[in-house]
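Coordinates in review
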Amino acid sequence: MFHSYQDVARLLVTAGEVRGRKKLQKMVFIAQSLGHAFPEPFDLHVWGPYSEVLAVKLKEMVDWGIAQEESLPGPAGNHHYVYTPGPRATMVAGEEAAGLSALIEDLNGRDATFLEGVATAMYLRGQGKDDTAVSEILPRLKPDKFSDPGRVEAVIAYADGLERYRILL
């Protein structure tokens, strides 16, 4: 019954805690881009690749005790969400997927804005853009976060380094 929630449950069990909806979205997109079995469709939105299906799935997981969501007050009066495995998470998660744990630990150690840049760069690459084009497009899409060429280079270098987690089919 909960098979379609298995991959996200496995991510939460592996991570233990994910701070932020945006970060969780980017972690799933990056893992999917590297061949891991996350079926959610993604489109490019203001904060990078985003899946409405994943957002709904996460809400359902919270409702059914697979995930727990804690809302914390954030700066400027907004809320910050923290996700942890719920009481049913280990039952739903099943066995560990090959190579997923190391990837999730690596991604979870980064901040959400950096992962937003990485995921956007990977999205653009998936649309056939080379690194030169990504270096030009990323600052135009996100001038407040990625106008510094050094930061864009760091995003591209990190995305390149993530290739070690790619699942070869």
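One can find the structure itself at the top, above this paragraph.
Notes on the structure follow. Because the structure is a prediction, the values reported are computed rather than measured.

Attention now moves to the layout of surface pockets. Each pocket or cavity is described by its volume, and for the largest pocket that value is around 630 Å³. Lining the largest pocket are 24 residues, and of these Gly20, Arg21, Lys22, His79 and Tyr81 lie nearest its centre. Mapped by element, the contributors of at least two residues to the lining of the largest pocket are α2 (21-33), β3 (48-50), α3 (52-63) and β5 (79-85). Tallied by class, the residues present in the lining of the largest pocket amount to 9 nonpolar, 8 polar and 7 charged.

Another aspect to go through is helix α5 (residues 100-108). Judged by how many residues are buried, α5 sits mostly within the fold: 7 of 9 residues are covered. For α5, every residue scored as buried is listed here: Leu100, Ser101, Leu103, Ile104, Asp106, Leu107 and Asn108. In the core, the buried residues of α5 are packed alongside α1 (6-15), β1 (18-19), α2, α6 (112-126) and α9 (149-161).

By the element assignment, Thr120 lies in helix α6. Apart from residues lying up to four places away in sequence, Thr120 is in contact with Leu44, Gly48, Pro49, Leu138, Leu141 and Lys142.

This part is about the environment of Lys59. Looking at the element boundaries, Lys59 is found in helix α3. The class of Lys59 is exposed, set by a relative accessible area of 52%. A C-alpha to C-alpha distance of 12 Å links Lys59 and Ala9, two positions 50 residues apart in sequence.

For the pair helix α7 (residues 131-141) and α9, the least separation of the axes is 10 Å and the interaxial angle reads 130°. It follows from the interaxial angle that α7 and α9 lie oblique. With respect to the hand of their crossing, α7 and α9 are arranged in right-handed fashion. Contacts from Asp131, Val134, Ser135, Leu138 and Pro139 of α7 reach α9 at Val152, Val155, Ile156 and Asp160.

Moving on, we get to the nonpolar core. Ranked by size, the top nonpolar core spans 49 residues in total, and within it Ile30, Val118 and Leu162 carry the most contacts. For this core, the element with the most residues is α6, which contributes 8 residues. Excluding anything up to four places from it in sequence, Val118 contacts Ile30, Val155, Tyr158, Ala159 and Leu162.

Moving on to the packing of aromatic side chains. Taken as a whole and judged by the stated rule, the model has 4 aromatic pairs. Ring plane angle 70° and centroid distance 5.1 Å describe the contact between Phe29 and Phe42, whose orientation is recorded as edge-to-face. Taken together, the residues span a long stretch of sequence, with Phe29 in helix α2 and Phe42 in the loop between α2 and β2 (43-45) at a distance of 13 residues. Judged by relative accessible area, which is 6%, Phe29 ranks as buried. Seen in terms of ring centroids, Phe114 and Tyr158 are 5.3 Å apart; in terms of plane orientation they differ by 65°. Their pairing is edge-to-face. Residue Phe114 is located in helix α6, and its partner Tyr158 is located in helix α9; the two are separated by 44 residues in the primary sequence. On the basis of relative accessibility, which here comes to 10%, the residue Phe114 falls in the buried class. Overall, the relative accessible area of 10% leaves Tyr158 in the buried class. Joined through ring pairs, the aromatic side chains of Phe29, Phe42 and Tyr123 make up one cluster. In this arrangement the basic side chain of Arg21 is found over the ring face of Tyr81, its NZ or CZ atom lying 3.6 Å from the centre.

The rules behind the values
Throughout this document, residue positions are counted from 1 along each chain, in the order its sequence is written. Where totals are concerned, whole chains, interfaces and linings use all residues; where local detail is concerned, this predicted model gives features only for residues with pLDDT of at least 70, and gives and counts side-chain atom pairs only at 80 or more. Side-chain numbers here rest on the full set of heavy atoms in the structure, without hydrogens or water. Throughout, the protein atoms alone are placed on a 1 Å grid, and a set of points is a cavity if a 1.4 Å probe fits but cannot get out or a pocket if it is open with protein on both sides within 12 Å along at least five of seven lines; lining residues have an atom within 4 Å of a point. Grid points are joined across faces, edges and corners, and a volume is the space filled by probe spheres set on the points. Labels follow the DSSP assignment, with helices taken as runs of H or I lasting at least four residues and strands as runs of E lasting at least two, numbered in each case from the N terminus. Note that Gly is not counted as nonpolar here; it falls among the polar residues with everything else outside the nonpolar set of Ala, Val, Leu, Ile, Met, Phe, Trp, Tyr, Cys and Pro and the charged set of Asp, Glu, Lys and Arg. Buried, partly exposed and exposed residues are distinguished by accessible area as a fraction of the type maximum, computed with a 1.4 Å probe on protein chains only: under 20%, between the cut-offs, and over 50%, respectively. Note on definitions: a residue-residue contact is assigned when non-hydrogen atoms from the two residues lie within 4.5 Å. To get an axis, a line is fitted to the C-alpha atoms, and for a helix only the part in contact is used. The angle between two axes follows their N-to-C directions and goes from 0 to 180 degrees. An angle below 35 degrees is read as roughly parallel, one above 145 as roughly antiparallel, one from 65 to 115 as roughly perpendicular, and any other as oblique. By convention the crossing between two helices is left-handed if the near helix lies anticlockwise of the far one by an angle smaller than a right angle, and right-handed if it lies clockwise. For our purposes a nonpolar core is just a set of buried Ala, Val, Leu, Ile, Met, Phe, Trp, Tyr and Cys residues, chained together by side-chain atoms within 4.5 Å. For this analysis, a ring pair means two rings from Phe, Tyr or Trp (six-membered ring only for Trp) whose centres lie within 6.5 Å, classed as stacked if their planes differ by under 30 degrees, edge-to-face if by over 60, and tilted for the remaining angles. A ring has a charge above it when a Lys NZ or an Arg CZ is no more than 6 Å from the ring centre and no more than 35 degrees off the ring normal.

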